[in-house]
Amino acid sequence: MIQSLRTWFYALSEREQWLVGIAGALAALVLLVFAIILPILGAVDDAIVAHDEAVARRGRIDATVAAAMQKPTKPPVAIADINLVVTQGAAEKGFDVIASTGGAPGQATFRIDQARAPALLGWLSELESQGIDTRTITLRNSPSGAVTVEAQLQAARP
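The notes below deal with the structure included here.

Conventions we followed
- Residues numbered from 1 in each chain as written.
- Predicted model: local features only at pLDDT ≥ 70, side-chain atom pairs only at ≥ 80, totals over all residues.
- Heavy atoms only, no water.
- Phe/Tyr/Trp six-rings, centres within 6.5 Å; stacked < 30°, edge-to-face > 60°.
- Helix = DSSP H or I, 4+ residues; strand = E, 2+ residues; numbered from the N terminus.
- Buried < 20%, exposed > 50% of the residue type's maximum accessible area, 1.4 Å probe, protein only.
- Pairing = 2+ DSSP bridges.

Quick notes on the packing of aromatic side chains
Within the structure shown, the criterion is met by 3 aromatic pairs. Their ring planes at 70 degrees and their centres at 5.8 Å tell us that Phe9 and Tyr10 sit as a pair that is edge-to-face. Ring geometry for Phe110 versus Trp123: centroids 5.7 Å apart, planes at 65 degrees, classification edge-to-face. Pair noted here: Phe110 is in strand E2 (residues 107–115) and Trp123 is in helix H4 (residues 117–129), with a separation of 13 residues, a long-range link. Here Phe110 matches Trp123 in class, with each residue buried. Here the aromatic residues Phe95, Phe110 and Trp123 are joined through ring pairs into a cluster of three or more.

Some thoughts on the pairing of strand E3 (residues 132–141)
Pairing between E3 and strand E4 (residues 147–155): 9 bridges, direction antiparallel. Each residue of the ladder has a partner; that of Thr134, found in E4, is Leu153. Following E3, the chain reverses through 5 residues before pairing antiparallel with E4; Gly145 in that reversal takes a positive phi of roughly 95 degrees.

This is the structure we're talking about:
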């Protein structure tokens, strides 16, 4: 097979041999670029993106752990003020509290129809740092990707 190709190539004129050689070099260059170099560069870019996402995820986890390990900086909420603190805190975070009732002294029950779960859980963590504990919570997924929340909070006793 190689011998027949060699015979064919030497049978060409010098000009044709140059053209076939140049065409072969261009074909090899195209093969090198599209079959070797571009896939390697794409894999490197994918690895860089995956690494950046992992570093960002690690940073979020470290920040969450650090926030969870912090001691409460604010004094505990007075038992009578829990409803006010919950309603104002929800409004500051952009949650629309549908129903808010104060059952027993130092307790508040509320309902939020549309909330993003990470933002809601962050807000509840802030309330815990203020001395308001989550007694019960029910999260229901909605088709829009938000959650419906029903929760009962209780002021921690000093």
